[in-house]
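Given next are the chains, with one letter for each unit.
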Amino acid sequence: MARMHTRRRGSSGSDKPTADDPPEWSDVDADDIESRVVELAEQGYDPSQIGMKLRDEGVTGTPVPDVKLATGKKITEILEENDARSEFPEDLYNLMERAVRLREHVQENPQDYQNKRALQNTESKVRRLVDYYRGDEVEPDFTYSYDVAKELLDEE
């Protein structure tokens, strides 16, 4: 994975093992998994957090190593079907959260040039992601700005 805003080279990461069906020891019913995913979403967990909770805690004590293998659907697809999806994609929301925090920090600490740069990089990533999602996941006329992001974060 290449780094977007540094001169360093990317580090290679591990890949998930290829598997066509869930392991025998994880024989949880697909409907139970789906209802647990919706339940966790209603408690305020993001899709990535839901995946980790299911991996660690499981459904009725049995871990679920891969929701997509067990149910045939991704966590976001399950949430979409049950109208439990969040307004913004998780990656975009997290970046906007970070940008708002950074901007508030930079306003209080105007000499912190390192974080000024981090803010510029983060906002650049946000704008790039908004362009990517525009029309599908985000309103066609959505434009990122600090005020808009702050308002969105205050709502949730």
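Residues numbered from 1 in each chain as written. Predicted model: local features only at pLDDT ≥ 70, side-chain atom pairs only at ≥ 80, totals over all residues. Heavy atoms only, no water.

Draft legend 1. Spotlight on the overall build of the protein. The helix and strand tally for the protein stands at seven helices and zero strands. The secondary structure elements of the protein, listed N-terminal to C-terminal, are α-α-α-α-α-α-α. Taking 2.2 N^0.38 as the reference for a compact globule, 156 residues should give roughly 15 Å; the C-alpha atoms of the protein span a radius of gyration of 19 Å, well beyond that estimate. Dimensions along the principal axes, computed over C-alpha positions, put the protein at roughly 55 × 35 × 30 Å. Evaluated residue by residue, the protein yields a buried proportion of 31% over its 156 residues. Taking contacts inside the protein between residues at least 6 apart in sequence as the whole, the part at least 24 apart equals 62%. Carbon and sulfur atoms provide 44% of the accessible area of the protein, an area that totals close to 10900 Å². Side chains of the protein give 22 positive and 37 negative charges; the mean places of these two sets differ by 13 Å. (Helix = DSSP H or I, 4+ residues; strand = E, 2+ residues; numbered from the N terminus. Rg over C-alpha atoms; globule rule 2.2 N^0.38 Å. Buried < 20%, exposed > 50% of the residue type's maximum accessible area, 1.4 Å probe, protein only. Contact = heavy atoms within 4.5 Å. Areas by Shrake-Rupley, 256 points an atom, 1.4 Å probe, with all protein chains shown as cover. Lys, Arg positive; Asp, Glu negative; His and termini not counted. Charge placed at Lys NZ, Arg CZ, Asp CG, Glu CD.)

Draft legend 2. Spatial organisation of the pattern of salt bridges. In the structure shown here, the tally under the stated rule is eleven salt bridges. Salt-bridge contacts for Lys 53 lead to Glu 57; the nearest nitrogen and oxygen are separated by 2.8 Å. For Glu 57, a relative accessible area of 40% gives the class partly exposed. The closest approach of N and O atoms between Glu 137 and Arg 85, which form a salt bridge, is 3.1 Å. Of this pair, Glu 137 sits in the loop between α6 (113-133) and α7 (146-155) while Arg 85 sits in the loop between α4 (75-81) and α5 (90-108), placing them 52 residues apart in sequence. Taken together, the shared-partner salt bridges connect Arg 36, Glu 39, Lys 53 and Glu 57 into one network. (Salt bridge = Lys/Arg side-chain N within 4 Å of Asp/Glu carboxyl O.)

Draft legend 3. A look at the nonpolar core. If you look at the biggest cluster of nonpolar residues, it comprises 21 residues, and the most contacted ones within it are Phe 88, Leu 92, Met 96, Val 126, Phe 142 and Tyr 144. For this core, the secondary-structure elements that each account for two or more residues are α5, α6 and α7. Excluding its chain neighbours within four sequence positions, the residues that come into contact with Phe 88 are Tyr 93, Met 96, Val 138, Phe 142 and Leu 152. Counting residues in hydrophobic clusters, the runner-up holds 14 residues, among them Ile 50, Val 59, Ile 78 and Leu 79. (Core = buried A, V, L, I, M, F, W, Y, C linked by side-chain atoms within 4.5 Å.)

Draft legend 4. Fine view of α5. For α5, which comprises 19 residues, the first-to-last C-alpha distance of 28 Å matches the rise-based estimate of 27 Å (1.5 Å per residue) to within 8%. Residues of α5 that are buried include every one of Leu 92, Tyr 93, Leu 95, Met 96, Ala 99, Val 100, Leu 102 and Val 106, and no others. The secondary structure elements touched by the buried residues of α5 are α6 and α7. (Expected span 1.5 Å × (residues − 1).)

Draft legend 5. Here's a closer look at the packing of aromatic side chains. Here the structure, examined in full by the defined rule, presents two aromatic pairs. Ring geometry for Tyr 132 versus Tyr 133: centroids 5.0 Å apart, planes at 70°, classification edge-to-face. When its relative accessible area of 13% is taken as the criterion, Tyr 133 is described as buried. (Phe/Tyr/Trp six-rings, centres within 6.5 Å; stacked < 30°, edge-to-face > 60°.)

Draft legend 6. Structural context of a positive patch on the surface. A cluster of basic residues, Arg 98, Arg 101, Lys 125 and Arg 128, forms a positive patch on the protein surface. When residues of the positive patch are traced back to their parent elements, those giving at least two are α5 and α6. Relative to the helices and strands, Arg 101 resides in helix α5. Residue Arg 101 is classed as exposed on the basis of its relative accessible area of 53%. (Patch = residues over 30% accessible without salt bridge, like charges linked within 9 Å, V, L, I, M, F, W, Y side chains within 5 Å.)

Draft legend 7. How the structure looks around the packing of α5 against α6. At a closest axis distance of 9 Å, the pairing of α5 and α6 adopts a crossing angle of 150°. Comparing their axes, α6 and α5 come out roughly antiparallel. In this structure, the crossing between α5 and α6 has a hand that is left-handed. From α5, Asp 91, Leu 92, Leu 95, Met 96, Arg 98, Ala 99, Leu 102, Arg 103, His 105 and Val 106 reach across to α6, where they touch Asn 115, Lys 116, Ala 118, Leu 119, Thr 122, Glu 123, Lys 125, Val 126, Leu 129, Val 130 and Tyr 133. (Axes fitted to C-alpha atoms, helices over the stretch in contact; angles between N-to-C directions. Parallel < 35°, antiparallel > 145°, perpendicular 65-115°, else oblique. Left-handed = near helix turned anticlockwise from the far one by under 90°.)

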